Amino acid sequence: MQRTTEDIIRQAGLRATTQRKTIVQGIEVLGCASPRDIETWIAKHGVSINTVTVYRVLEALERVKLLHRLRDGRVSLCSMPDTHGHHAMLHCTQCDAVTEFHDERICKSVGAHAKSSGFSVEAHNTEILGVCTQCA
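Values in this document were obtained by computation on a predicted structure and should not be read as measured data.

A.B. asks: Please explain the side chain of Arg74 as it appears in this structure.
C.D. replies: With respect to the helices and strands, the residue Arg74 is situated in the loop between β1 (67–69) and β2 (75–77). Looking at Arg74, its side chain comes within polar contact range of the side chain of Asp72, at 2.8 Å. Only 2.4 Å separates the side chain of Arg74 from the side chain of Asp96, close enough to count as a polar contact. For Arg74, the residues in contact, after removing those within four places along its chain, are Cys32, Ala33, Ser34, His68, Arg69, His91 and Asp96.

Next up, the structure:
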């Protein structure tokens, strides 16, 4: 059974407001998108959501691990919200496709390196840049 946008938002502990549902739908359609791309998509669909609300919703979705922020400020929906631990992204620099995967070894390695350096990790995000098979 496919989960709806509303289900995903509610399971993350957020209210499924019209603004949140619309913004998540925009990211689903756009894939990897900047806040500006999302605003443009929303406006083209006749919905009015101000810039501040877009940023606040994106921050809330990131806080509950429903989306990932990429190195250039764009966002991508988490494709594995029920998988806890470290998620990494393979990001195609040609077509912008983002493929997400989970690997506990990356998380342990980052944690071990940080600990040996006396560094306290608050969060980490692994984005691997390259070219996908479709673009190669």
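A.B. asks: Would you take a moment to explain unusual backbone geometry for this structure?
C.D. replies: Glycine aside, residues mostly have negative phi, and peptide bonds are mostly found in the trans state. Positive phi outside glycine occurs at Lys65, with the angle close to 65°. Tracing the backbone through its elements, the reader meets Lys65 in the loop between α4 (51–63) and β1. Positive phi is not limited to glycine here, since Asp96 has a value of about 70°. Along the chain, Asp96 falls in the loop between β3 (87–92) and β4 (98–102). The exposure class assigned to Asp96 is partly exposed, which follows from its relative accessible area of 29%.

A.B. asks: Explain the packing of helix α3 (residues 35–44) against α4 to me, please; I cannot follow it from the model alone.
C.D. replies: Each pair of packed helices can be described by the angle between their axes along with the distance between the axes. In contact at an axis separation of 10 Å, α3 and α4 are set at 120° when each is read in the N-to-C sense. In terms of their interaxial angle, α3 and α4 are classed as oblique. Between α3 and α4 the crossing geometry is right-handed. Contacts from Pro35, Ile38, Glu39 and Ile42 in α3 reach Thr51, Val54, Tyr55 and Leu58 in α4.

A.B. asks: So what exactly am I meant to see when it comes to the nonpolar core here?
C.D. replies: For soluble globular proteins, the rule of thumb is that nonpolar side chains tend to be buried together. The biggest cluster of nonpolar side chains holds 18 residues, and the ones touching the most others in it are Ile23, Ile27, Ile38, Ile42, Val54, Leu58 and Leu61. Elements with a minimum of two residues in this core: α2 (18–30), α3 and α4. A per-element tally of this core places α4 first, with 4 residues.

A.B. asks: Explain the confidence of the model for the chain here, please?
C.D. replies: Low pLDDT means the predicted coordinates in that region are not meant to be read closely. Across the chain, pLDDT averages 88, with 99% of residues at or above 70. Per-element confidence in the chain is highest for α3, whose mean pLDDT is 94, and lowest for helix α1 (residues 5–11), whose mean pLDDT is 83.

A.B. asks: What is the right way to look at the pattern of salt bridges in this model?
C.D. replies: Note that side chains of opposite charge can pair when their charged atoms are close. Per the counting criterion, the structure on display carries 8 salt bridges. Salt-bridge contacts for Glu6 lead to Arg10; the nearest nitrogen and oxygen are separated by 2.6 Å. Of the two residues, Glu6 and Arg10 are both situated in helix α1; the distance of 4 residues between them amounts to about one turn of the helix. With relative accessibility at 26%, the residue Glu6 sits in the partly exposed group.

A.B. asks: What's the story with the pairing of β4 in this structure? I'm lost.
C.D. replies: Looking down a regular strand, the side chains alternate between one sheet face and the other. Across 5 bridges, β3 lies against β4 in antiparallel orientation. Each bridged residue has a counterpart across the sheet, and for Met89 the counterpart in β4 is Glu100. In this antiparallel pair of consecutive strands, β3 and β4, the connection spans 5 residues, and Asp96 shows a positive phi of 70°.

Conventions we followed
- Residues numbered from 1 in each chain as written.
- Predicted model: local features only at pLDDT ≥ 70, side-chain atom pairs only at ≥ 80, totals over all residues.
- Heavy atoms only, no water.
- Helix = DSSP H or I, 4+ residues; strand = E, 2+ residues; numbered from the N terminus.
- Polar contact = N/O pair within 3.5 Å; in protein donor to acceptor, adjacent residues only side chain to side chain.
- Contact = heavy atoms within 4.5 Å.
- Buried < 20%, exposed > 50% of the residue type's maximum accessible area, 1.4 Å probe, protein only.
- Axes fitted to C-alpha atoms, helices over the stretch in contact; angles between N-to-C directions.
- Parallel < 35°, antiparallel > 145°, perpendicular 65-115°, else oblique.
- Left-handed = near helix turned anticlockwise from the far one by under 90°.
- Core = buried A, V, L, I, M, F, W, Y, C linked by side-chain atoms within 4.5 Å.
- pLDDT = per-residue confidence, 0-100.
- Salt bridge = Lys/Arg side-chain N within 4 Å of Asp/Glu carboxyl O.
- Pairing = 2+ DSSP bridges.

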